[in-house]
Amino acid sequence: MKNNPTSNKWFALTIVLTAPLLYVIDIFIINMAIPGIQQGVHATNGEMQLVIAGYLLGSAALLIIGGRAGDYLGKKKVFLWGMMLFTLSSCCCGLSQTAMQLNIMRFFQGVSSALMVPQSIAYIQVLFTDSKERAKAIGWYGATLSIAAIIGQILGGWLVDTHLIIAGWRLIFFINLPVGIAATWAITRFLPETDKTATGNFDYTGAGILTTGLICLIYPLTKGRELGWPAWSIWLMLLSLFLFTYLCIDQKKKKKQLKIPLLDISLFTVKEFNLGLLAVLFHFMMHTAYLLMIAVYLQDGLHLSALECGTYFLLHAVLFMITSMLAGRLIPRYGKRVLLAGIMIIFFSFLLQVKIYQPQMQCWWPIALIGLYGLGNGMVLPSLLTIVLRSIPVKFAGTASGVFSTFQQTASALGICIIGGVFYHVIDIQPHPDYLTAFKSGMAADIACLIMVAIILWLLPVPVSNDSREAIAME
């Protein structure tokens, strides 16, 4: 490490944690503001899906690239640029006058987050070389994500219901301005720069193919439904399949030529890793779609204010934080059984929500059942990374984490597009929107995803031995 103006590692950690804090707040805060944004920019349901999916797409498309850029250019430099671009794009979102402008800016907001977040994770490895201190720092990282979820839900509801000179929904984007300015100053003044750890040429071709393929998949899935699946939407999805196939061929070829590919295809020779990614796919599709549908149902279906809606998620956030910490201690002993128990709790919560929710019901029912979902999800979501990566050789750990994060964001965007599409389709086909029927239809798709997660987790093999890991690493 060089140019280190401070010896206080923990102070540096607080600066580093602004990235995941802003990133997670921005995910949760938007759900509380969906009805307000839709009215403010006169957006269609499909365009509102893109407000969420576009952010996730921008993040997914650049996560691996952002991580590698820190190795090539220095983590402080990339972190700083990411924070400045995130602040700028957030303000542009708040100034948007049309749905198209907002969706374009949301995409670039996601891109800028993909530059920040990988550096924050990498800085923990750089700043804390002692294993005990590193474990403590990672614990603070996880706590930050939980705190950010609570802040996002309450802050989003409060800001949307705030009526000042500008519309309340715009404030959810402008709130990033003072935080971004303070973080930019702190990064410049106090955060140490790191040595460049990568040599050779960056795989620009692979990055371009990956980004183009994701755009060709996500955009037509969202807009195609609303427009009656025109020919261009089908052709773009077929093009995305071709691009992903070509990317695999291209990455294999570059590895044989001793070049540095964007992805190491050897990762996908590990059966547990492949099954784990499938579990990630279905779980994050279910999770992100549920957060969208329940927020819209509570506000547009039950006519709650945004602030009231946010308070309904408080128990969810608290229970999620508690069980995620407990799961971290139980996973080493009980393995995937902890996740399967969490899946059963979520399944029970979903069945009760489908059965009990109705226009006239006591408020404690949704509070309790959303809380029960948080209880089960805390046992699953944070621990998926542990389960997916436990059989990966150490030399592939960084790349595998990047693939996991990219897959996670892509799955979240697909959940908004596919399951959210089912939800909005039921709303659109009715002369008068029936939010309860739409919610139950979307929940049926969520339950199907949940069953797939349970089956995949059940099929996960026992972790491979050290000898097997070394054999893969030598390939």
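Residues numbered from 1 in each chain as written. Predicted model: local features only at pLDDT ≥ 70, side-chain atom pairs only at ≥ 80, totals over all residues. Heavy atoms only, no water.

- The name recorded for the protein in an unreviewed UniProt entry is MFS transporter, from Chitinophaga eiseniae.
- Annotation of the protein in UniProt includes, under Subcellular location (unreviewed entry), the sentence "Membrane". (UniProt positions renumbered as here; feature names shortened; annotations may be inferred.)

### A word on the overall build of the protein
Logical step 1: Helix and strand counts for the protein come out as 19 helices and zero strands.
Logical step 2: In terms of overall dimensions, the protein is globule-like: its C-alpha atoms have a radius of gyration of 22 Å, near the 23 Å expected for 475 residues.
Logical step 3: With the C-alpha coordinates of the protein rotated into their principal frame, the extents come out at 60 × 50 × 50 Å.
Logical step 4: Here the protein holds 475 residues, and 56% of them are scored as buried.
Logical step 5: Put simply, of all contacts in the protein between residues at least 6 apart along the chain, 83% involve residues at least 24 apart. (Helix = DSSP H or I, 4+ residues; strand = E, 2+ residues; numbered from the N terminus. Rg over C-alpha atoms; globule rule 2.2 N^0.38 Å. Buried < 20%, exposed > 50% of the residue type's maximum accessible area, 1.4 Å probe, protein only. Contact = heavy atoms within 4.5 Å.)

### Topic: the domain arrangement of the protein
Logical step 1: Segmentation of the protein into domains returns domain 1 (8-203) and domain 2 (267-474).
Logical step 2: Each of domain 1 and domain 2 has a C-alpha centre, and the two are 21 Å apart.
Logical step 3: Domain 1 puts 23 residues into the contact, and the matching count from domain 2 is 35 residues.
Logical step 4: Interface of domain 1 and domain 2: buried area, both sides summed, is about 2500 Å²; carbon and sulfur atoms make up 70% of it.
Logical step 5: Considering only the surface of domain 1 that becomes buried against domain 2, Met-32, Asn-45 and Gln-49 emerge as the three largest contributors, covering 21% of it.
Logical step 6: If you look at where domain 1 meets domain 2, you find zero salt bridges.
Logical step 7: Summed over the shared surface of domain 1 and domain 2, the number is nine residue pairs in polar contact (both at pLDDT 80 or more).
Logical step 8: Of all the secondary structure elements, the ones that give two or more residues to the side of domain 1 that touches domain 2 are helix H2 (18-41), helix H3 (45-73) and helix H6 (131-160).
Logical step 9: Top element by residues in the side of domain 1 that touches domain 2 is H3. It accounts for nine residues.
Logical step 10: A breakdown of the residues in the side of domain 1 that touches domain 2 according to their chemical character gives 15 nonpolar, seven polar and one charged. (Domains from an automatic or database assignment. Buried area = accessible area lost by both parts, 1.4 Å probe. Salt bridge = Lys/Arg side-chain N within 4 Å of Asp/Glu carboxyl O. Polar contact = N/O pair within 3.5 Å; in protein donor to acceptor, adjacent residues only side chain to side chain. Nonpolar A, V, L, I, M, F, W, Y, C, P; charged D, E, K, R; others polar.)

### Quick notes on the nonpolar core
One broad trend across soluble globular proteins is that nonpolar side chains are buried collectively.
Logical step 1: Counting residues in each nonpolar core, the largest one holds 150 residues, and the members touching the most others are Ile-37, Tyr-297 and Leu-298.
Logical step 2: Counting only domains with at least three residues in this core, you end up with domain 1 (8-203) and domain 2 (267-474).
Logical step 3: When residues no more than four places from it in sequence are discounted, the contact partners of Ile-37 are Ile-30, His-42, Met-48, Leu-102, Trp-169, Ile-172 and Phe-173. (Core = buried A, V, L, I, M, F, W, Y, C linked by side-chain atoms within 4.5 Å.)

### Focus: the confidence of the model for the protein
Logical step 1: Across the protein, pLDDT averages 85, with 91% of residues at or above 70.
Logical step 2: Residue range residues 1-6 is modelled with pLDDT below 50. Its contacts to residues more than four positions away, or to other chains, number 16 contacts.
Logical step 3: Taken as a whole, residues 464-475 scores under 50 in pLDDT and shows 17 contacts with residues more than four places along the chain or in a different chain. (pLDDT = per-residue confidence, 0-100.)

### Some words on a nonpolar patch on the surface
Logical step 1: Taken together, the side chains of Trp-229, Ile-234, Trp-235, Leu-238 and Leu-241 present a nonpolar region at the surface, about 560 Å² in accessible area.
Logical step 2: As for its placement among the helices and strands, Leu-241 is situated in helix H10 (residues 231-256). (Patch = residues over 30% accessible without salt bridge, like charges linked within 9 Å, V, L, I, M, F, W, Y side chains within 5 Å. Areas by Shrake-Rupley, 256 points an atom, 1.4 Å probe, with all protein chains shown as cover.)

### With respect to the layout of surface pockets
Rolled over the atoms, a probe with the dimensions of a water molecule shows which regions are left empty.
Logical step 1: Volume-wise, the second largest pocket comes out at about 520 Å³.
Logical step 2: Around the second largest pocket, the lining is made up of 22 residues, and of these Leu-210, Leu-214, Phe-244, Phe-407 and Thr-410 lie nearest the centre.
Logical step 3: Every element with two or more residues in the lining of the second largest pocket is listed here: helix H9 (204-226), H10, helix H11 (271-301) and helix H17 (397-429).
Logical step 4: In terms of residues, the lining of the second largest pocket owes the most to one element, H17, which gives six residues.
Logical step 5: Looking at the lining of the second largest pocket residue by residue, the class counts come to 18 nonpolar, four polar and no charged. (1 Å grid on protein atoms, 1.4 Å probe; cavity = no way out; pocket = protein on both sides within 12 Å on 5 of 7 lines; lining within 4 Å. Points joined across faces, edges and corners; volume = space filled by probe spheres on them.)

### So, the packing of aromatic side chains
Logical step 1: A full pass over the atoms with the stated rule returns 18 aromatic pairs.
Logical step 2: Each ring, one from Phe-11 and one from Phe-190, has its centre 5.1 Å from the other, and the planes form 85°; the classification is edge-to-face. Of this pair, Phe-11 sits in helix H1 (residues 9-16) while Phe-190 sits in helix H8 (residues 176-190), and the two are 179 residues apart along the sequence.
Logical step 3: Look at Phe-268 and Phe-273: their rings are 5.8 Å apart centre to centre, the planes differ by 55°, and that puts the pair in the tilted class.
Logical step 4: Here Phe-273 falls in the buried class, since its relative accessible area comes to 0%. (Phe/Tyr/Trp six-rings, centres within 6.5 Å; stacked < 30°, edge-to-face > 60°.)

### Focus on unusual backbone geometry
Logical step 1: Within the chain, His-42 stands out as a residue other than glycine whose phi angle is a positive 55°.
Logical step 2: Here His-303, not a glycine, exhibits a phi torsion of approximately 60°, which is positive.
Logical step 3: Counting through the fold element by element, His-303 comes out in the loop between H11 and helix H12 (306-311).
Logical step 4: Residue classification places His-303 among the exposed residues on the basis of a relative accessible area of 65%.

### Topic: the packing of H3 against H9
Logical step 1: It is at 10 Å that the axes of H3 and H9 come closest, and there the two elements cross at 170°. Comparing the axis directions of H3 and H9 gives the class roughly antiparallel. Together, Asn-45, Gly-46, Glu-47, Gln-49, Leu-50, Ala-53, Leu-57, Ala-60, Ala-61, Leu-62, Ile-64 and Ile-65 of H3 and Ala-207, Leu-210, Thr-211, Leu-214, Ile-215, Ile-218, Tyr-219, Thr-222, Lys-223, Arg-225 and Glu-226 of H9 make up the contact between the two elements.
Logical step 2: A breakdown of the residues in the contact of H3 with H9 according to their chemical character gives 14 nonpolar, five polar and four charged. (Axes fitted to C-alpha atoms, helices over the stretch in contact; angles between N-to-C directions. Parallel < 35°, antiparallel > 145°, perpendicular 65-115°, else oblique.)

### Digging into the pattern of salt bridges
Logical step 1: Overall, the coordinates contain three salt bridges when judged by the stated rule.
Logical step 2: In this structure, Asp-26 and Arg-106 form a salt bridge, with 2.6 Å as the shortest nitrogen-oxygen distance. With Asp-26 in helix H2 and Arg-106 in helix H5 (residues 99-127), this pair connects stretches of sequence that are 80 residues apart. Neither residue differs from the other here; Asp-26 and Arg-106 are each classed as buried.
Logical step 3: Between Asp-250 and Lys-254 there is a salt bridge whose closest N-O contact spans 3.0 Å. Here Asp-250 pairs with Lys-254, and both are found in helix H10, just four residues apart, close to one helical turn.
Logical step 4: Residue Lys-254 is classed as buried on the basis of its relative accessible area of 12%.

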